[in-house]
Amino acid sequence: MFDWDDLRIFIAAARAGSLGGAAVRLGVDAATVGRRVARLESTLKSTLVVRSTTGLQLTAAGAQLLDMGLEAESAMEAAARVTQSDTLAGVVRISASEGFGVSIVAPALPALRRTSPGLRIELAATSGFLSPTRREVDMAITLAAPDAARLIVEPLTPYQLALYASPDHLAQHGAPRTVDDLAAFDIVGYIDDLIYAPELRYLDEVRPGLTPHVASSSIRAQKEIIAAGGGIGVLPCFLAKGLVRVLPSVLIERRFWLATHRDVHDTARMRTVRTWLKTLCDARQASLRPYAPLAG
């Protein structure tokens with residue numbers, strides 16, 4: 001029989017994707033994490049992780065153990081909650097896309113703290129998403145509805161994207177009149193092989209074959225490139241302050257989804273944050289969806 005504490009450390013390493021990341025979360029050193037994972041592998045007589053320059057990769061056995069370990073962890077947390085009152089307190093870690101997290105969620109967090117001082121909010125606003133399935137986060141705002149039995153998924157808000165350029169760029173180069181004219185302009189967009197979700201392939205929707213001349217994995221970096229006169233690009237409308245919309249015939253509709261782990265979905269802190277997020281999105285509809293949908 002293995003040491004259950006070794007399993008806890010293995011789960012932390014799998015979530016973090018590195019020994020160092022797990023060590024920070026657990027408050028120990030990376031060597032200790034490595035020893036405990038190695039001891040678990042020795043006890044189970046199976047390789048659980050493979051170390052590489054990009055971090056830890058789970059083997060098939062490691063992935064299977066992680067799934068079982070997460071179920072055991074959830075069961076132990078549920079057992080602990082039986083004897084605890086469901087108070088509005090504790091940590092809620094939220095994963096959100098960089099643009100939405102920084103521009104919509106982050107500015108509203110101080111108000112949430114004032115109304116719910118017992119909460120501690122951790123916002124992971126990055127290119128890519130952390131997973132509530134593996135309990136990397138408690139809640140994820142995603143571009144598509146995740147399909148996982150452990151998650152409760154609900155629509156959060158629709159939002160719009162359009163083509164934008166800076167006033168200086170348009171003054172110097174003029175504005176395209178049709179989507180075919182875009183071939184003559186510098187285009188700003190995502191680095192193709194770093195696109196982490198198919199919903200981000202905006203340029204193909206605007207005009208098949210349209211490729212960026214300046215690219216970034218960061219939507220906020222793209223916004224800054226466009227604002228500095230670097231070209232025309234697709235941006236969420238809520239990010240486009242100070243820019244000029246071009247080609248009004250181009251309007252892209254998307255939706256954010258809210259996913260929470262089934263085990264914590266109905267706790268007081270999660271109910272409060274979910275309600276707050278929905279109210280926030282309702283209040284920001286003028287920037288999330290500023291244009292009437294195109295006919296047809």
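Look a little higher up for the structure.
Presented here is a report on the structure given in the accompanying data block. Just so it is clear, the structure is predicted and the values come from calculations on it, not from any experiment.

It is worth spelling out the nonpolar core at this point. Of all hydrophobic cores here, the largest spans 59 residues; its most connected members are Phe 100, Ile 141, Leu 163, Val 273, Trp 276 and Leu 277. Ranked by size, the runner-up nonpolar core spans 20 residues in total, among them Leu 7, Ile 9, Phe 10 and Leu 19.

Orientation of helix 5 (residues 98–115) relative to helix 9 (residues 268–283), taken along the N-to-C sense of each, is 115 degrees, at an axis distance of 11 Å. In this structure, the crossing between helix 5 and helix 9 has a hand that is right-handed. Facing Phe 100, Ile 104, Val 105, Ala 108, Leu 109 and Leu 112 of helix 5, the residues of helix 9 in contact are Trp 276, Leu 277, Leu 280 and Cys 281. In the contact of helix 5 with helix 9, the residues fall into 10 nonpolar, no polar and no charged.

Glycine aside, negative phi is the norm for most residues, and most peptide bonds take the trans geometry. The phi dihedral of Lys 45 falls on the positive side, at around 55 degrees, and the residue is not glycine. Structurally, Lys 45 can be placed in the loop between helix 3 (30–44) and strand 1 (49–52). At Leu 247, a position not held by glycine, the phi torsion is positive, near 50 degrees. Relative to the elements of secondary structure, Leu 247 occurs in the loop between strand 10 (244–246) and strand 11 (252–261).

What counts as what
Residues numbered from 1 in each chain as written. Predicted model: local features only at pLDDT ≥ 70, side-chain atom pairs only at ≥ 80, totals over all residues. Heavy atoms only, no water. Core = buried A, V, L, I, M, F, W, Y, C linked by side-chain atoms within 4.5 Å. Buried < 20%, exposed > 50% of the residue type's maximum accessible area, 1.4 Å probe, protein only. Axes fitted to C-alpha atoms, helices over the stretch in contact; angles between N-to-C directions. Helix = DSSP H or I, 4+ residues; strand = E, 2+ residues; numbered from the N terminus. Left-handed = near helix turned anticlockwise from the far one by under 90°. Contact = heavy atoms within 4.5 Å. Nonpolar A, V, L, I, M, F, W, Y, C, P; charged D, E, K, R; others polar.

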